[in-house]
Amino acid sequence: MSAPATERDTVGVFSPGRARILARTLRQDRWWLSPLLTVVGLAAFVIYATIRSFVRTAYYAADYHYLSPFYSPCLSESCVPGASHFGTPFPELPVWIPLAFLSLPFLLGFRLTCYYYRKAYYRSVWLSPPACAVAEPHSRYTGETRLPLIIQNSHRYFFYVAVIISVINTYDAIVAFHGKGGGFGFGLGNVILVVNVLLLWTYTVSCHSCRHVTGGRLKHFSKHPVRYWVWSQVSKLNTRHMQFAWITLGTLVLTDFYIMLVASNTISDLRFVG
Ligand code: FES
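These remarks concern the structure in this document. (Residues numbered from 1 in each chain as written. Predicted model: local features only at pLDDT ≥ 70, side-chain atom pairs only at ≥ 80, totals over all residues. Heavy atoms only, no water.)

Along its length, the protein chain carries nine helices and four strands. Going from N to C terminus, the protein chain has its helices and strands arranged as α-α-β-β-α-α-α-β-α-α-α-α-β. On the principal axes, the C-alpha backbone points of the protein chain span a range of 75 × 50 × 35 Å. Burial statistics for the protein chain: of 274 residues in total, 40% are counted as buried. Partitioning the intrachain contacts of the protein chain with sequence separation of at least 6 by distance along the chain shows that 66% fall at a separation of at least 24. When the accessible area of the protein chain is evaluated, it comes to approximately 15,500 Å², of which 68% is carbon and sulfur surface. (Helix = DSSP H or I, 4+ residues; strand = E, 2+ residues; numbered from the N terminus. Buried < 20%, exposed > 50% of the residue type's maximum accessible area, 1.4 Å probe, protein only. Contact = heavy atoms within 4.5 Å. Areas by Shrake-Rupley, 256 points an atom, 1.4 Å probe, with all protein chains shown as cover.)

Here it is as structure tokens:
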């Protein structure tokens, strides 16, 4: 919550005991560029993903069994024929419920509670802080000690569900090796689907909670050689977690967009086999 200017001007770097410098920061570089790019990138993804998750058009290319990740798993009778790889246990859904209602809230929760994204939106959206050594516009700070932010501690549970959803996405990518007339087929859509799934797995297992549960919480690595090895590999990926977070936002959009173009017959899939 922003404080009135008078209160704000007496806390933090403006406190009575601090050196009297009236500027919010003395930094001369473009410190605002990174938070600005973060907001633009996140907003673009949220707008695209929201629209595509609700429109219910061109999300399944029946000829090749390509299913958009924004519609997986598709479990209701509202799904187009063939898109339901796991049956249709749910009846028709009203338009305000996305067809992937079982996975999207968990994926949203997974990314929202992700340690990297928290850093990104705490800085760029809540300006807490906007950049290192730039005074905050807030006079009070309680961190993640209270509701609602204390809920961020549930991230590991979203991680467990994200692993299950990654298995489902993997299954979708495998059944997409389907030819137009039946049998095996292989086209550019398969390359896009497989690359997207591999990167989703990489993002998921590079998670900080994954690092903790695999071995990070152990005290004596010497007594757990297998978990130590797994923890070592996860730690290597974890150093690139930020990059995987952004790359997978991009590959999700690209995958959905390509399937939309093929499913709507705007372009035809580049086929190698079948
Ligand atoms: S910390 Fe980013 S997904 Fe877990």
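Before going further, it helps to spend a moment on the nonpolar core. One recurring pattern in soluble globular proteins: nonpolar side chains tend to sit buried together. Within the largest apolar cluster, 33 residues are counted, with the highest numbers of intra-cluster contacts made by Tyr59, Phe70, Ala83, Leu99, Tyr117 and Tyr203. Judged by nonpolar contacts, the second largest core, of eleven residues, contains Tyr64, Val197, Tyr258 and Ile259. (Core = buried A, V, L, I, M, F, W, Y, C linked by side-chain atoms within 4.5 Å.)

On the surface, Phe184, Val191, Val195, Leu270, Phe272 and Val273 cluster together into a nonpolar patch covering about 520 Å² of accessible area. Residue assignment for the nonpolar patch shows that the elements contributing at least two residues are helix H6 (188-205) and strand E4 (271-273). Topologically, Val195 is positioned in helix H6. Taking the relative accessible area as the measure of exposure, Val195 reaches 40% and is therefore partly exposed. (Patch = residues over 30% accessible without salt bridge, like charges linked within 9 Å, V, L, I, M, F, W, Y side chains within 5 Å. Salt bridge = Lys/Arg side-chain N within 4 Å of Asp/Glu carboxyl O.)

Scanning the model with the defined rule gives one disulfide in all. Between the sulfur atoms of Cys74 and its disulfide partner Cys79 the distance amounts to 2.2 Å. Across the S-S bond linking Cys74 and Cys79, the dihedral sits near -100°, which makes this disulfide left-handed. In this structure Cys132 is a free cysteine whose sulfur lies 18 Å from that of Cys114, the closest cysteine sulfur available. Accessibility expressed as a relative area gives 45% for Cys132, which makes it partly exposed. Here Cys210 stays unpaired: no disulfide links it, and the sulfur of Cys207, its closest cysteine neighbor, is 6.3 Å away. (Disulfide = S-S within 2.5 Å.)

We now examine the packing of aromatic side chains. Scanning the entire structure with this criterion turns up 21 aromatic pairs. When the centroid spacing of 5.9 Å and the interplanar angle of 35° are considered together, the rings of Phe177 and Phe186 count as tilted. Judged by centre distance (4.9 Å) and plane angle (45°), the ring pair of Phe221 and Tyr228 falls under tilted. Its relative accessible area of 39% is what places Tyr228 among the partly exposed residues. An aromatic cluster is defined as three or more aromatic residues linked by ring pairs; in this entry it consists of Phe110, Tyr116, Tyr117 and Tyr203. The lysine or arginine in question, Arg118, covers the ring of Tyr115, its NZ or CZ lying 4.4 Å from the ring centre. (Phe/Tyr/Trp six-rings, centres within 6.5 Å; stacked < 30°, edge-to-face > 60°. Lys NZ or Arg CZ within 6 Å of the ring centre and 35° of its normal.)

A few words now on the layout of surface pockets. Taken as a whole, the largest pocket spans an internal volume of roughly 750 Å³. Forming the boundary of the largest pocket are 30 residues, of which Phe45, Leu104, Leu107, Leu108 and Arg111 lie nearest the centre. Listing elements by their share of the lining of the largest pocket, those giving two or more residues are helix H2 (33-55), helix H3 (104-112), helix H4 (115-124), helix H5 (155-175), H6 and helix H9 (241-263). Residues belonging to the lining of the largest pocket are distributed by class as follows: 23 nonpolar, six polar and one charged. (1 Å grid on protein atoms, 1.4 Å probe; cavity = no way out; pocket = protein on both sides within 12 Å on 5 of 7 lines; lining within 4 Å. Points joined across faces, edges and corners; volume = space filled by probe spheres on them. Nonpolar A, V, L, I, M, F, W, Y, C, P; charged D, E, K, R; others polar.)

Cis geometry is found at the peptide bond from Ser128 to Pro129, where omega equals -5°. Inspection of the secondary structure assignment puts Pro129 in the loop between H4 and H5. Unusually for a residue other than glycine, His65 sits at a positive phi of about 65°. Along the chain, His65 falls in the loop between strand E1 (60-61) and strand E2 (66-67). Residue Asn265 is not a glycine yet carries a positive backbone phi of 60°. On the secondary structure map, Asn265 appears in the loop between H9 and E4. Asn265 sits in the exposed class, given a relative accessible area of 68%.

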